[in-house]
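Notes for the structure review
For reference, the chains in residue letters:
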Amino acid sequence: MNWLASQESAFTKVGALALLAVAVYYGARLIVLPIIHRIAKKSATKWDDILLDQGLLKRLSWILPPVAVWAVLPRLNLENESIDRIATASLVAAAVIASSAILSGVDDVYAMYSKNSERAIKGYLQVIQIIIIIFAGIVLLTVLADTELGGVLAGLGAITAVLLLIFQSTILSIVASVQLTGNDMIRLGDWIEVPGTKVDGEIIDIALHTIKVQNWDKTIATIPSHKLVSEPFVNWRGMSLA
């Protein structure tokens, strides 16, 4: 009977934690976020509006439930490591989701305020996002598998060749993006022509994997960024600078 009572008590505590997480989440979404949104809309600055448009606050609200569970869990005397691991994993996942909105907002703020906005930073921000995702994935494996970080890294080292094969295009895109922007080979607004393709127009977006071009006939063409490194292309920027 004592064992049954302890099990019922544990289930009650777990249910209370679940209700707490739900209450904190909806309380933030329905009460706190609307207040912050109204304050931001009334402010004279524009960068906060951009972050709100990227859904940053909504994504940050996912961080509050695991934090609340963390704060209450030690007081419940609930000896269950799985709950702590789930809360940690949820916090890491929410942080990754929020970081995506932050980096997107940084790109928009940069384009608004920078005098050199033709020098796109989207590729660099996407590289940062990839690094964040990789690091978060390692942390999640460590937490959920309840193992040491060294063990996870050793396991990843054993499959490095497979990972390089899977992410080959991403690695090529990272190298190409750094070369293209670092050497000032392309900028937003440049008119480029790539022989052998239908790309002949103005660059309107520079991302990590692709370059988006609006052709002379208003059609939109995309080309992998690594193509502009491995194959020749013509940049007509000098004609406008002459």
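Residues numbered from 1 in each chain as written. Predicted model: local features only at pLDDT ≥ 70, side-chain atom pairs only at ≥ 80, totals over all residues. Heavy atoms only, no water.

**Digging into the pairing of strand β3 (residues 210-215)**
What counts here: Relative accessibility thresholds used throughout: buried, under 20% of the residue-type maximum; exposed, over 50%; partly exposed, between the two (1.4 Å probe, protein chains only). Think of it this way: any DSSP run of H or I at least four residues long counts as a helix, any run of E at least two long counts as a strand, and we number them from the N terminus. DSSP bridges decide pairing: two strands pair if at least two such bridges lie between them.
Residues Ile 211, Val 213 and Asn 215 line the buried face of β3, whereas the alternating positions Thr 210, Lys 212 and Gln 214 sit on a face that is not buried. One ladder, built from five bridges, connects strand β2 (residues 200-206) with β3; its direction is antiparallel. Residue pairing in the sheet places Asp 205 in a bridge with Lys 212 of β3. Linking two consecutive strands that pair antiparallel, namely β2 and β3, is a turn of three residues. Note that β3 and strand β4 (residues 220-224) share five bridges and pair antiparallel. Each bridged residue has a counterpart across the sheet, and for Thr 210 the counterpart in β4 is Pro 224. Once β3 ends, the chain turns through four residues before running back antiparallel as β4, passing Lys 218 with a positive phi of about 75°.

**Structural notes on the pattern of salt bridges**
Keep this limit in mind: A carboxyl oxygen of Asp or Glu within 4 Å of a side-chain nitrogen of Lys or Arg is what we treat as a salt bridge.
The tally for this structure, following the rule as stated, stands at two salt bridges. Its salt-bridge partner being Asp 190, residue Arg 237 comes within 2.8 Å of it at the nearest N-O pair. Taken together, the residues Arg 237 in helix α11 (residues 237-241) and Asp 190 in the loop between α9 (168-182) and β1 (191-193) connect sequence positions 47 residues apart. Of the two residues examined, Arg 237 and Asp 190, each falls in the buried class. One salt bridge connects Lys 227 with Glu 231, and the closest N-O pair in it is separated by 3.5 Å. Lys 227 sits in the partly exposed class, given a relative accessible area of 32%.

**Remarks on α9**
Let me state the cut-off plainly: In this scheme, a helix's expected span is set at 1.5 Å multiplied by one less than its residue total. Relevant arc is that of directions from the helix axis to the C-beta atoms, nothing else.
Relative to the 21 Å expected for 15 residues at 1.5 Å per residue, α9 spans 21 Å between its end C-alpha atoms, a close match to the ideal helical length. Residues Thr 170, Ser 173, Ala 176, Ser 177, Leu 180 and Thr 181 constitute the buried set of α9. One face of α9 carries all of its buried residues, which in axial projection span an arc of 125°. Of the residues flanking the end of α9, it is Asp 184, one or two places downstream, whose phi is positive at about 55°.

**Considering the sheet that holds β3**
Read across the sheet, five strands follow the order β4-β3-β2-β1-β5 without closing on themselves; strand pairing throughout is antiparallel. Strands with a single pairing partner mark the edges of an open sheet, and in this sheet they are β4 and β5 (234-235). Sheet topology places β1 next to β5; two bridges connect them, and they run antiparallel. Note that in β5 the partner of Ile 192 across the bridge is Asn 235.

**Quick look at the layout of surface pockets**
Condition: Definitions used for this entry: grid spacing 1 Å over protein atoms alone; cavity, a set of points where a 1.4 Å probe fits but cannot get out; pocket, an open set with protein on both sides within 12 Å along at least 5 of 7 lines; lining residue, one with an atom within 4 Å of a point. Grid points are joined across faces, edges and corners, and a volume is the space filled by probe spheres set on the points. Three residue categories are used. Nonpolar comprises Ala, Val, Leu, Ile, Met, Phe, Trp, Tyr, Cys and Pro, charged comprises Asp, Glu, Lys and Arg, and polar comprises the others, including Gly.
Reported here for the second largest pocket is a volume of approximately 270 Å³. As for the second largest pocket, its lining consists of 14 residues, and the residues nearest its centre are Ala 21, Val 69, Ile 86, Ala 87 and Ser 90. Ranked by residues supplied to the lining of the second largest pocket, first place goes to helix α5 (residues 81-113) with six residues. Broken down by class, the residue content of the lining of the second largest pocket amounts to 13 nonpolar, one polar and no charged.

**What to know about the nonpolar core**
Rule in force here: Take the buried Ala, Val, Leu, Ile, Met, Phe, Trp, Tyr and Cys residues and link them wherever side-chain atoms come within 4.5 Å; each set so joined is a nonpolar core.
Ile 186, Ile 192, Val 194, Val 199, Ile 203, Ile 211 and Leu 228 are the most contacted members of the largest nonpolar core, which totals 14 residues. When residues of this core are traced back to their parent elements, those giving at least two are β2, β3 and β4. Membership of the second largest hydrophobic core comes to six residues, among which are Leu 17, Ala 21, Leu 73 and Ala 87.

These figures come from the coordinates and say nothing about function on their own.
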